[in-house]
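# Secondary and tertiary structure notes
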Amino acid sequence: MVSPKISVKDLDIRFGGIHALKEVSLDIMNNEILGVIGPANSGKTSFLRAVNRFNDLVPNYQMSGRITIDGLDIYGQVDRNGLRRKVGMVFALPVPLPLSIFDNIAYGPQLHGISSRKKLCEIVEKALKAAFLWDEVKDRLKKPAHNLSGGQQQRLCIARTLAVEPEVILFDEPCSGLDPISTAKVEEAMLQLKSRYTIVLVTNNTKQAARVSDRTAFFLMGELVEIDKTDKIFTAPADTRTSDYIEGRFG
Amino acid sequence: MTRDKRNQRIREFFIEKTISASGIASVVIVVLIFVFLLKDGLSLFKIESIQDFLSGKLWYPISDPPKFGILPLILGSIVVTAGATAISVPIGVASAIYIAEVSSPRIKEYLKAGVELLAAIPSVVLGFIGVVTLVPFVKQFFNLPTGLTAFSGSIMLAFMAMPTIVSIAEDALTAVPRSYREGALALGATKWQTIYKVTVPSAASGIVAAVMLGVGRVIGETMAVMMITGNAAVIPKSIFQPVRTLTATIAAEMGETVRGSDHFYALFAIGIVLFLITFFINMIADLYLHREKR
Ligand SMILES: Nc1ncnc2c1ncn2[C@@H]1O[C@H](COP(=O)(O)OP(=O)(O)OP(=O)(O)O)[C@@H](O)[C@H]1O
Ligand SMILES: [Mg+2]
């Protein structure tokens, strides 16, 4: 058996009195898209933000358990900025930095020490192409990113993430604010990216998980109810709570 | 039903008129102030050319014949203001960044309370404290004949500008959406890189406004500078010499002049100069802010 890219063991997360995640264990493989579904407050975001150590920003956050990437404990001696470079994140609301389109994407590589203009141009072009945005913006790279449409902004945020060459990309409901066409473009980008990255996709849209993810995990009230091949989850789930959720009977 | 509607219309009418009346009143008041300022101030230029007034090196308003050259006063104001700005802006902006971005919530509370306290000290009291503590210190430390210098004035004024700068800049930084910071952090930016490249530029217009308001307070300040800068109307050769500012001159001499005398008009003319300086600073700030919006 191949060793997993990311391995989560007994992950338990509390915010003050709130028990957001309860003893979750799962593995994520190289080059797969893992879909994570579940009703509101089931701990999906908390789970995702544990993987790039974003929960550390919350003052009264406590966690126990272990997360390893390539066998390395990310809560061990790994430095947080290096980790976040390796584990990119795309948020529900696309938030371009208050810079031009070009600078939004060049920002990450510049942080990590790339200053040659030529190199940056190459990176920007490559990232925009991979996010299926290049054709739409190639003539206005110097314009403020805020003028883009919501769907374009989200693809810009994906391109920005790709530009730092991560190994893992975490998507937190990336299409929740997008129309079906933009959603289709983002999904297409994700399917393309799968060959080079490991992807975790949190989504409120179960159909989206069915369309793009290889395996799907179902979270409910902080518990991992089940995780399996997407076909299996959507056709013959082991747990009745899973089928109830998928068929829209609660949540 | 219809009566209700009519009542509502009448109410709307009165509210609207009251609001526009107060808006107009404030404009009228400003115009009146300006007219009076001009009327008395411009009278000076019947006996003194604008050129001599602005570039004359001697201010002897009560000698015979009087000399109304305000160059030393303008330079005094500029030196003190520039010094205060150079001290208060870096420290003020840095404190704002510390309070907004770095400090823990508890320390943040203490610091904010401290800044508010500093803002609440009346300027006379600050001036008084400056005279008994800062002035002797400056005299000794730099081995000067007197501690009543432009430098002491700058330090004192920096204390007055700082609360304004810190609290407004801090508000501007806190108002930057959390998602901007998270966007940068998610790319692997360190805390400092995030502050420097994302948070501060996003809050730039607010920070500029903070600085301008702080500097505005410094230019208009009178009491403390009068007590602390030595009040000598001579052209300063360094910041370690006594100076006299435009504001201090008006405050100190207005009480001794005869209404309608040349000296009286000269003080009003100084008022015009002050007005123009403040006006230009506000205008520059405004231009900057509007440039940011685009
Ligand atoms: N920063 C925080 N501080 C306090 N409580 C938090 C914080 N983040 C999450 N929680 C709590 O943890 C629980 C799980 O939240 P989480 O955001 O992980 O849910 P989610 O599955 O992503 O929900 P949604 O589908 O609405 O995004 C919730 O009860 C939430 O209130
Ligand atoms: Mg969420």
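Residues numbered from 1 in each chain as written. Chains lettered and ligands numbered in written order. Predicted model: local features only at pLDDT ≥ 70, side-chain atom pairs only at ≥ 80, totals over all residues. Heavy atoms only, no water.

## Some remarks on the overall build of chain A
When its secondary structure is counted, chain A shows ten helices and ten strands. Here the C-alpha radius of gyration of chain A, 18 Å, is about what a compact globule of 251 residues would show, namely 18 Å. On the principal axes, the C-alpha backbone points of chain A span a range of 55 × 40 × 40 Å. Sequence separation of 24 or more characterises 67% of the internal contacts of chain A that already satisfy a separation of 6 or more. Distance between charge centroids for chain A: 5 Å, based on 33 positive and 30 negative side chains. (Helix = DSSP H or I, 4+ residues; strand = E, 2+ residues; numbered from the N terminus. Rg over C-alpha atoms; globule rule 2.2 N^0.38 Å. Contact = heavy atoms within 4.5 Å. Lys, Arg positive; Asp, Glu negative; His and termini not counted. Charge placed at Lys NZ, Arg CZ, Asp CG, Glu CD.)

## Points about the nonpolar core
One broad trend across soluble globular proteins is that nonpolar side chains are buried collectively. Ranked by size, the top nonpolar core spans 67 residues in total, and within it Y107(A), F53(B), W59(B), I70(B), L246(B) and I270(B) carry the most contacts. Beyond its immediate stretch of four places on either side in the chain, I70(B) contacts F53(B), L54(B), G56(B), W59(B), L246(B), I270(B) and V273(B). Grouped together as the second largest cluster of nonpolar side chains are 35 residues, I123(A), L162(A), V186(A) and L201(A) included. (Core = buried A, V, L, I, M, F, W, Y, C linked by side-chain atoms within 4.5 Å. Buried < 20%, exposed > 50% of the residue type's maximum accessible area, 1.4 Å probe, protein only.)

## Topic: the sheet that holds strand β5 (residues 72-73) of chain A
All names here are of chain A. One open sheet holds the four strands; their spatial order is β2-β1-β4-β5, and the pairing between them is antiparallel. Two strands close off the open sheet at either side, each with one partner strand: β2 (18-28) and β5. As defined by bridge partners, strand β4 (residues 61-69) adjoins β5 across two bridges and the pair is classed as antiparallel. Bridge pairing in β5 places T68 opposite D73. Across the sheet, helix α1 (residues 44-51) lies against β1 (6-15), β2 and β4, angled at about 120° from β1, the strand it touches most. (Pairing = 2+ DSSP bridges. Axes fitted to C-alpha atoms, helices over the stretch in contact; angles between N-to-C directions.)

## Side note on the domain arrangement of chain B
Residue and element names in this part refer to chain B. The assigned domain composition of chain B is domain 1 (3-46) and domain 2 (51-293). Contacts between domain 1 and domain 2 engage ten residues on the former and eleven residues on the latter. Interface area for domain 1 against domain 2, summed over the two sides, is near 900 Å², with a carbon-plus-sulfur share of 87%. Broken down residue by residue, the surface that domain 1 buries against domain 2 is led by L37, D40 and L44, which jointly contribute 58%. Our count for the domain 1 to domain 2 interface comes out at zero salt bridges. Each residue belonging to the side of domain 1 that touches domain 2 can be placed in one class, and the counts come to seven nonpolar, two polar and one charged. (Domains from an automatic or database assignment. Buried area = accessible area lost by both parts, 1.4 Å probe. Salt bridge = Lys/Arg side-chain N within 4 Å of Asp/Glu carboxyl O. Nonpolar A, V, L, I, M, F, W, Y, C, P; charged D, E, K, R; others polar.)

## Considerations on the interface of chain B and chain A
If you look at the interface, chain B gives 16 residues, while chain A gives 23 residues. For the chain B and chain A pair, buried surface summed over both sides reaches about 1600 Å², with 67% attributable to carbon and sulfur atoms. The interface formed by chain B and chain A includes one salt bridge. Here E182(B) ties to R49(A) by a salt bridge, and the two come within 2.8 Å at their closest N and O atoms. Take the side of chain B that touches chain A: its biggest share by element is seven residues, from helix α7 (residues 178-186) of chain B. A breakdown of the residues in the side of chain B that touches chain A according to their chemical character gives seven nonpolar, seven polar and two charged.

## Section: the sheet that holds strand β10 (residues 223-229) of chain A
Residues and elements named next belong to chain A. Sheet architecture is open: six strands sit in the order β6-β7-β8-β3-β9-β10, paired in mixed fashion. Looking at the sheet topology across the chains shown, the edges are occupied by β6 (87-90) and β10. For this sheet, the mean angle separating the axes of adjacent strands, direction not counted, is 15°. Packing of helix α6 (residues 150-163) onto the sheet brings it into contact with β6 and β7 (168-172), and relative to β6 it is tilted by some 170°.

## Focus on the site of ligand 1
Residues and elements named next belong to chain A. Surrounding ligand 1, one finds 14 residues, the nearest of these being N41, G43, K44, T45 and S46. Contact between ligand 1 and G43: an oxygen atom at 3.0 Å from a main-chain N or O atom of the residue. For ligand 1, an oxygen atom lies 2.5 Å from a polar atom in the side chain of S46. Contact with the protein chains removes 68% of the 630 Å² of surface that ligand 1 exposes when unbound. At the level of elements, β2 and α1 are the ones that each hand at least two residues to the shell around ligand 1. Sort the elements by how many residues they give to the shell around ligand 1 and α1 lands first, with three residues. (Near = heavy atom within 4 Å. Polar contact = N/O pair within 3.5 Å; in protein donor to acceptor, adjacent residues only side chain to side chain. Areas by Shrake-Rupley, 256 points an atom, 1.4 Å probe, with all protein chains shown as cover.)

## A look at the confidence of the model for chain B
Residues and elements named next belong to chain B. With 98% of its residues at a pLDDT of at least 70, chain B reaches an overall mean of 90. Put simply, helix α12 (residues 262-293) is where chain B has its lowest mean pLDDT, 84, and helix α3 (residues 71-102) is where it has its highest, 94. Interface confidence for the predicted complex, expressed as ipTM, amounts to 0.87; the pTM equals 0.81. (pLDDT = per-residue confidence, 0-100.)

## A closer look at the pattern of salt bridges
Where charged atoms from two side chains of opposite charge approach closely, those side chains can pair. If you walk through the whole model with that rule in mind, you get 22 salt bridges over all chains. With a shortest N-O distance of 2.9 Å, R53(A) and D56(A) are connected by a salt bridge. Residue D56(A) is classed as partly exposed on the basis of its relative accessible area, which comes to 22%. Its salt-bridge partner being R178(B), residue E182(B) comes within 3.6 Å of it at the nearest N-O pair. Residue E182(B) and its partner R178(B) are both found in helix α7; the two are separated by four residues, about one turn of the helix.

## Some thoughts on helix α8 (residues 191-202) of chain B
Residue and element names in this part refer to chain B. Taking 1.5 Å of rise per residue, the twelve residues of α8 would be expected to cover 16 Å, and the 15 Å separating its terminal C-alpha atoms lies within 8% of that figure. By the burial criterion, the buried members of α8 are T194, I195, V198 and T199. For α8, the arc enclosing every buried residue in end-on projection is 130°, short of the 170-degree limit, so these residues lie on one face. Exposed side of α8, more than 90 degrees from the buried face: W192 and Y196 are the residues found there. (Expected span 1.5 Å × (residues − 1). Arc of directions from axis to C-beta.)

## Structural notes on the packing of aromatic side chains
All chains considered together, the criterion is met by 18 aromatic pairs over all chains. When the ring of F45(B) is compared with that of F53(B), the centres are 5.4 Å apart and the planes differ by 80°; the resulting orientation is edge-to-face. On the basis of relative accessible area, F45(B) is assigned to the partly exposed category, the value being 25%. In this structure an aromatic cluster arises from ring pairing among F137(B), F141(B), F142(B), F151(B) and F240(B). Directly above the ring of F102(A) sits K142(A), whose terminal nitrogen or CZ lies 4.5 Å from the centroid. (Phe/Tyr/Trp six-rings, centres within 6.5 Å; stacked < 30°, edge-to-face > 60°. Lys NZ or Arg CZ within 6 Å of the ring centre and 35° of its normal.)

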